[in-house]
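Topology and contacts: notes
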Amino acid sequence: MKGIRALCASLLALTLVAFIVCPVTVQVAAAVADMPSPGERFLQVVAHPDDDLLFMSPDLYGAVAEGRPTVTVYLTAGEGTAGFDDEHDPTVYVRDREDGVRAAYAYLAGVRNAWRSTPLKAGRLPLTMDTLVDRPRVRLVFARLPDGGDPRADGGRFALTRLWKGGACVRVYVPGGPCASREDVITALHVLYVRFGSNVLRTLDPDPPPHARRDDHPDHVASARFALAALQGLRMRRASYRGYPMTGWAPNVAARLRELKRQVFGEYRRHDYRVNGWRYRAWIERMYRIPDHGP
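In this report, the structure presented in the accompanying data block is examined. Note that this is a predicted model, so its numbers are computed, not measured. (Residues numbered from 1 in each chain as written. Predicted model: local features only at pLDDT ≥ 70, side-chain atom pairs only at ≥ 80, totals over all residues. Heavy atoms only, no water.)

Structural notes on the overall build of the protein
For the protein, the count of helices and strands is 11 helices and 10 strands. Considering only contacts within the protein whose residues lie at least 6 apart along the sequence, 73% involve residues at least 24 apart. Carbon and sulfur atoms form 54% of the exposed surface of the protein, whose accessible area is close to 12,900 Å². (Helix = DSSP H or I, 4+ residues; strand = E, 2+ residues; numbered from the N terminus. Contact = heavy atoms within 4.5 Å. Areas by Shrake-Rupley, 256 points an atom, 1.4 Å probe, with all protein chains shown as cover.)

Set out below in structure tokens:
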């Protein structure tokens, strides 16, 4: 066994072919990811559990691997059409996706997959915060608003988009949850920014390219616009990341980080029965950051 490990280490140092055979360790690959500067405290706002792993990675990796302050907020439950066009229980699917991101973050942090879950109130919106026990500065926050693909949400599909445009409130995807308004979402995010003292905000793309071959998911766009609206005078460095439109663009994730991204996402995909197809492979090979802006 020791001989095999030594061989893998040698191959990894000599040739990219080694990535096919030898797993890339978090320690090796994270060394060339977007490493945080002293004092940086990250907060990511995404639409669905897995958006951060697909579209903000490998930039996401540096802070998590080092156990630096980082919070990821998932605005929707990500239930989609589970239980509507198949036999899966959508409530179970929501739980599975959350289990998946927990497993991925624990793997990336290099610690056991053990989390402490606590309710978190931010204005009128009830949230759940999960804290990684062995890296307590790594946190995940779940808002569980309806997924845009779910026709069962108040008002039908595209609930998050309708909220952004000032439409009627929608009920969060938990029993007895409140009917959340546009202002409820903005207030909740603002409260989180202040509570965690975040000074770096990562979002999805608030303004996707108009003539891309593939449109972005409406939830991606709405989540980014909510995240930016919630700044309300706070000074934070901001970066946004392309979503679906990058699918056909040139792969730009370096080989060793691509393998790590595949491994990290592999921890998530074990929990998500809907992950399949070539698009996921394409997203693993790409990450397009819109140039940083602000404060």
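Considerations on the state of the cysteines
Inspection of the entire model under this criterion finds one disulfide. At a sulfur-sulfur separation of 2.0 Å, the disulfide partner of Cys169 is Cys179. An S-S torsion of about 95 degrees defines the bridge between Cys169 and Cys179 as right-handed. Highlighted residues: Cys169 in the loop between helix 7 (159-164) and strand 6 (170-171) and Cys179 in strand 7 (residues 179-180), separated in sequence by 10 residues. For Cys169, a relative accessible area of 33% translates into the label partly exposed. Among the residues examined, Cys179 registers a relative accessible area of 16% and is labelled buried. (Disulfide = S-S within 2.5 Å. Buried < 20%, exposed > 50% of the residue type's maximum accessible area, 1.4 Å probe, protein only.)

Comments concerning the pattern of salt bridges
The final tally for this structure, using the stated rule, is 19 salt bridges. Ionic pairing is found between Arg97 and Asp272, a salt bridge with its closest N-O pair at 3.5 Å. With Arg97 in helix 6 (residues 90-109) and Asp272 in the loop between helix 10 (255-269) and helix 11 (278-284), this residue pair connects regions lying 175 residues apart in the sequence. Comparing Arg97 with Asp272, the two get one shared label, buried. The partner of Asp134 in a salt bridge is Arg112, with the nearest N and O atoms 2.8 Å apart. With Asp134 in the loop between strand 4 (125-132) and strand 5 (138-145) and Arg112 in the loop between helix 6 and strand 3 (115-122), the pair connects residues that are 22 residues apart, well separated along the chain. Exposure remark for Asp134: the relative accessible area of 29% places this residue in the partly exposed category. Note on Arg112: relative accessible area 52%, which makes it exposed. Among the ionic contacts, a cluster of salt bridges with common partners joins Asp50, Arg97 and Asp272. (Salt bridge = Lys/Arg side-chain N within 4 Å of Asp/Glu carboxyl O.)

Let's talk about unusual backbone geometry
Backbone torsion omega between Ser57 and Pro58 reads 20 degrees, so that peptide bond is classified as cis. Within the element layout of this structure, Pro58 appears in the loop between helix 4 (51-55) and helix 5 (61-66). Phi is positive for Arg144, which is not a glycine, with a value near 60 degrees. Relative to the helices and strands, Arg144 is located in strand 5.

Observations regarding the packing of helix 6 against helix 10
Their axes nearest at 6 Å, the elements helix 6 and helix 10 cross at an angle of 140 degrees. As for how helix 6 packs across helix 10, the hand of that crossing is right-handed. Residues Arg97, Gly100, Val101, Ala103, Ala104, Tyr107 and Leu108 of helix 6 touch helix 10, and the partners they reach there are Leu260, Gln263, Val264, Glu267 and Tyr268. (Axes fitted to C-alpha atoms, helices over the stretch in contact; angles between N-to-C directions. Left-handed = near helix turned anticlockwise from the far one by under 90°.)

Here's the deal with the side chain of Asp150
Along the chain, Asp150 falls in the loop between strand 5 and helix 7. Since its relative accessible area comes to 2%, Asp150 is described here as buried. Apart from residues lying up to four places away in sequence, Asp150 is in contact with Glu79, Gly80, Gly156, Arg157 and Tyr173.

Some details on the nonpolar core
Formed by 38 residues in total, the largest nonpolar core has its most connected members in Leu53, Tyr105 and Phe265. Of all the elements in the fold, those that place two or more residues in this core are helix 4, helix 5, helix 6, strand 5, strand 9 (237-241), helix 10 and helix 11. With six residues, the top contributor of residues to this core is helix 6. Not counting chain neighbours up to four residues away, the residues in contact with Phe265 comprise Asp50, Leu53, Leu54, Val275, Tyr280 and Ile284. Val45, Ala153, Phe196 and Ala230 belong to the second-largest nonpolar core, a separate cluster that totals 35 residues. (Core = buried A, V, L, I, M, F, W, Y, C linked by side-chain atoms within 4.5 Å.)

A word on helix 8 (residues 182-196)
Given a rise of 1.5 Å per residue, 15 residues ought to cover 21 Å, and the 22 Å separating the end C-alpha atoms of helix 8 matches this to within 8%. Of the residues making up helix 8, those classed as buried are Asp184, Val185, Ile186, Ala188, Leu189, His190, Leu192, Tyr193 and Phe196. Looking at the residues trailing helix 8, positive phi occurs at Gly197, about 60 degrees. (Expected span 1.5 Å × (residues − 1).)

A few points about the environment of His271
By the secondary structure assignment, His271 is in the loop between helix 10 and helix 11. For His271, the residues in contact, after removing those within four places along its chain, are Asp96, Arg97, Asp99, Gly100 and Ala103.

Here's the deal with the pairing of strand 4
Looking down a regular strand, the side chains alternate between one sheet face and the other. The buried fraction of strand 4 amounts to seven of the eight residues, a majority that puts the element mostly inside the structure. Note that strand 3 and strand 4 share eight bridges and pair antiparallel. Along strand 4, the bridge assignment pairs Thr118 with Met129. Following strand 3, the chain reverses through two residues before pairing antiparallel with strand 4; Gly123 in that reversal takes a positive phi of roughly 70 degrees. Hairpin connection, strand 4 to strand 5: the antiparallel pair is bridged by five residues. (Pairing = 2+ DSSP bridges.)

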